[in-house]
Amino acid sequence: MGKVYLVGAGPGDYDLITLKGLKAIQEADVILYDRLINQQLLEEAKENASLIFCGKSPDNHSLTQEAINELLCRYALQGKVVTRLKGGDPFVFGRGGEEAEVLASYQIPFEIVPGITSGIAAPAYAGIPVTHRDFSSSVAFISGVSKVGKEQEDYWKHVVKSMDTLCIYMGVSKLPDICDQLIKHGLPSTTPIALIRWGTTTEQETVTGTLADIVIKAHGIKNPSMIVVGEVVKLREKLKWYEEIRDEKEVLLTSIVG
Ligand SMILES: C[S@@+](CC[C@H](N)C(=O)[O-])C[C@H]1O[C@@H](n2cnc3c(N)ncnc32)[C@H](O)[C@@H]1O
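Residues numbered from 1 in each chain as written. Predicted model: local features only at pLDDT ≥ 70, side-chain atom pairs only at ≥ 80, totals over all residues. Heavy atoms only, no water.

Details of the layout of surface pockets
- Computed from the structure, the second largest pocket encloses a volume of approximately 160 Å³.
- The wall of the second largest pocket is formed by T202, W241, Y242, I245, R246, K249, E250 and L253.
- Residue composition of the lining of the second largest pocket, by class: 4 nonpolar, 1 polar and 3 charged. (1 Å grid on protein atoms, 1.4 Å probe; cavity = no way out; pocket = protein on both sides within 12 Å on 5 of 7 lines; lining within 4 Å. Points joined across faces, edges and corners; volume = space filled by probe spheres on them. Nonpolar A, V, L, I, M, F, W, Y, C, P; charged D, E, K, R; others polar.)

A word on unusual backbone geometry
- Omega for the peptide link from N223 to P224 comes to -5 degrees, which places this bond in the cis form.
- Mapped onto the elements of the fold, P224 is located in the loop between helix 7 (214-217) and strand 10 (225-229).
- Of note in the backbone geometry, Q107 takes a positive phi value of approximately 55 degrees without being a glycine.
- Tracing the chain through its elements places Q107 in the loop between helix 3 (96-105) and strand 5 (110-113).
- Phi is positive for M170, which is not a glycine, with a value near 55 degrees.
- Looking at the secondary structure, you find M170 in the loop between strand 7 (165-169) and helix 6 (175-184).
- Given the relative accessible area of 35%, M170 is considered partly exposed. (Helix = DSSP H or I, 4+ residues; strand = E, 2+ residues; numbered from the N terminus. Buried < 20%, exposed > 50% of the residue type's maximum accessible area, 1.4 Å probe, protein only.)

Some words on the domain arrangement of the protein chain
- Under the domain assignment, the protein chain is made up of domain 1 (3-116) and domain 2 (119-242).
- One C-alpha centre belongs to domain 1, the other to domain 2, and the line joining them spans 28 Å.
- Across the contact, 9 residues belong to domain 1 and 13 residues belong to domain 2.
- By the criterion of area lost to domain 2, the three top residues of domain 1 are D13, L36 and F93, representing 49% of everything that side buries.
- Joining domain 1 to domain 2, the criterion identifies 2 residue pairs in polar contact (both at pLDDT 80 or more).
- Here the side of domain 1 that touches domain 2 is built from residues that sort into 7 nonpolar, 1 polar and 1 charged. (Domains from an automatic or database assignment. Contact = heavy atoms within 4.5 Å. Buried area = accessible area lost by both parts, 1.4 Å probe. Polar contact = N/O pair within 3.5 Å; in protein donor to acceptor, adjacent residues only side chain to side chain.)

Regarding the environment of P192
- Note that P192 resides in strand 8 (residues 192-197).
- Taking the C-alpha atoms as reference, P192 lies 29 Å from I37; in sequence the two are 155 residues apart.
- Beyond its immediate sequence surroundings of up to four residues, P192 is in contact with G209, T210, V228, V229, G230, E231, V233 and K234.

Overview of the site of the ligand
- Residues in contact with the ligand amount to 18 residues; listed here are only the nearest, V92, T117, S118, G199 and S225.
- P11 places a main-chain nitrogen or oxygen 2.9 Å from a nitrogen atom of the ligand.
- In the model, an oxygen atom of the ligand is placed 2.7 Å from a nitrogen or oxygen of the S225 main chain.
- Among the residues making up the shell around the ligand, the classes are represented as 10 nonpolar, 7 polar and 1 charged.
- The residues that make up the shell around the ligand include at least three from each of domain 1 (3-116) and domain 2 (119-242). (Near = heavy atom within 4 Å.)

Concerning the sheet that holds strand 9 (residues 205-210)
- Spatial ordering of the open sheet is given by 6-7-10-8-9, a layout of 5 strands whose pairing is mixed. Edge positions in the sheet fall to strand 6 (139-143) and strand 9, since each of these pairs with one other strand and no more. Averaged over all adjacent pairs, the angle separating strand axes in this sheet is 20 degrees, with direction ignored. (Pairing = 2+ DSSP bridges. Axes fitted to C-alpha atoms, helices over the stretch in contact; angles between N-to-C directions.)

Quick word on the side chain of T165
- With respect to the helices and strands, the residue T165 is situated in strand 7.
- Taking relative accessible area as the criterion, T165 reaches 0% and is therefore assigned buried.
- Engagement of the side chain of T165 in a polar contact is seen with the backbone oxygen of V130, the distance being 2.9 Å.
- Those residues in contact with T165 that sit more than four places away from it in its chain are V130, S136, S138, V139, A140, V228, V229 and V232.

A word on the pairing of strand 10
- Of all 5 residues making up strand 10, 5 are buried, and the element is well covered by its neighbours.
- Bridge count for strand 7 against strand 10 is 3 bridges, and the pairing is antiparallel. Considered in strand 10, the bridge of I168 is made with I227.
- As judged from the 5 bridges shared by strand 8 and strand 10, these two strands associate in the antiparallel manner.

Quick look at the pattern of salt bridges
- Under the counting rule described, the total for this entry stands at 12 salt bridges.
- Among the salt bridges present, the one from R84 reaches D34, with a minimum N-O distance of 3.0 Å. On the criterion of sequence distance, the pair formed by R84 in strand 4 (residues 81-86) and D34 in strand 2 (residues 30-34) is long-range, its members being 50 residues apart. Each member of the pair, R84 as well as D34, is classed as buried.
- Among the salt bridges present, the one from R236 reaches E243, with a minimum N-O distance of 3.0 Å. Both residues of the pair, R236 and E243, count as buried. (Salt bridge = Lys/Arg side-chain N within 4 Å of Asp/Glu carboxyl O.)

Below, the structure written as structure tokens:
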């Protein structure tokens, strides 16, 4: 019997994987990896490791979840060390729970290696602390796609009442609806909001505004983006750091290379 490691590769920056995650890549006979991982991490794999791309962009899953589950089990039952490499954390909107359930049902040994989720890392790289003693003592990680109809109404009502900071995953295509719901259920239209695309990578792009104007300001911003709502977003003006360092480096490089 082999073993499966369900590993969080972190949010995009190569250096944001854990040591345990890196070891699981280096030891694997087979790696099944998703679209949002930093592909450079695959260079750490053994020379003869099999690398299998699982896809998982919102509209293109190159392998179905069932096919992925089947491969995990098949390779482990062949005695292989299998690393399932996922963006961010495997248990935060990563279907890691479903995969672990399948492994448990076949009594296949597995370990979970947590990763830094994009709901924390993307705001951090944009200079937005998700909690702060003066502005926020609670934060919710929310999926922008899973709730519909009446259920959605109750859901937003509850969230608006009970949470200070909202980190909304997979919400960018629903941004107008999300802003409408938040205002309808009691958030002032002046509430600060940020969209961070490709957070922690060299492509990171951040747009800020209010619930009233973000749809216009963030026009054209696509997936993968993290939506952050709450007073903490205002801190970005003082705390933004990553884009500055990155842009300074680029200017320096251009001036050296010419
Ligand atoms: C299927 S979920 C996977 C979440 C992942 N397991 C995690 O913990 O970050 C994909 C969504 O995560 C968010 N996301 C993932 N990586 C991101 C990044 N580098 N920057 C901003 N958002 C990101 C986006 O909202 C994207 O639509």
